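Listed here are the chains, written in short residue letters.
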Amino acid sequence: MSEKVYTYKSKSLILEIILDIVCYALILMMASSVFNNIYVENVWYALLASAIISLLNLTIKPFLIYITLPLTIITLGIFYPVVNIIVLKLASILMSGHFVIEGWFTPFFIAIFISIMKILFEIFIIKPIVERWVRYESICI
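Residues numbered from 1 in each chain as written. Predicted model: local features only at pLDDT ≥ 70, side-chain atom pairs only at ≥ 80, totals over all residues. Heavy atoms only, no water.

(A) Broad picture of the side chain of Ser50. Note on placement: Ser50 falls in helix H2 (residues 43-59). Among the residues examined, Ser50 registers a relative accessible area of 0% and is labelled buried. (Helix = DSSP H or I, 4+ residues; strand = E, 2+ residues; numbered from the N terminus. Buried < 20%, exposed > 50% of the residue type's maximum accessible area, 1.4 Å probe, protein only.)

(B) Structural detail: the nonpolar core. In this structure, Leu28, Ile38, Ile53, Leu88, Phe99 and Ile114 are the most contacted members of the largest nonpolar core, which totals 33 residues. Broken down by secondary-structure element, the contributors of at least two residues to this core are helix H1 (2-34), strand E1 (38-40), H2, helix H4 (80-94), strand E2 (99-101) and helix H5 (105-140). Of the residues forming this core, the biggest block, nine residues, is contributed by H5. Contacts of Ile53, omitting those with residues within four sequence positions, involve Tyr24, Leu28, Val87, Leu88, Ala91 and Phe99. (Core = buried A, V, L, I, M, F, W, Y, C linked by side-chain atoms within 4.5 Å. Contact = heavy atoms within 4.5 Å.)

(C) Focus on the packing of aromatic side chains. Scanning all chains against the criterion turns up three aromatic pairs. Geometrically, the ring pair formed by Phe105 and Phe109 is edge-to-face, given 5.3 Å between the ring centres and 85 degrees between the ring planes. One end of the pair is Phe105 and the other is Phe109, both in helix H5 and four residues apart, which spans about a single turn. A ring pair is formed by Phe108 and Phe109, whose centres lie 5.6 Å apart and whose planes are at 85 degrees; its orientation type is edge-to-face. Phe109 gets classed as partly exposed once you look at its relative accessible area, which sits at 41%. (Phe/Tyr/Trp six-rings, centres within 6.5 Å; stacked < 30°, edge-to-face > 60°.)

Okay, structure coming up:
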């Protein structure tokens, strides 16, 4: 039975990661239509960019947050979107001309927009789907 529980938890984690990447791609496409300083070539590059951003969020972002923590505390959290801008800029560098973030001032608002949209997608789309999946899997076990 412990093997079944392990596989259903890993399946729900994989589902959550896939939903996260797809929702982030949709958010990037929305941001590119709202703001002029962000460019995404097409949906496939948006998916690739969102996968790269997710990977950067797991690896580099915690280190950046740790380094900038004193400045973030002093500015009462206003500096935190700068960390998101750095992650977006790194993804832009890795994606060459297929995903582009220009400037530093407008990406500040883009990062805030992406963060707000990410929270809304997490609350209203990702979590309900994963919770339904967990309920369905628990019934099947």
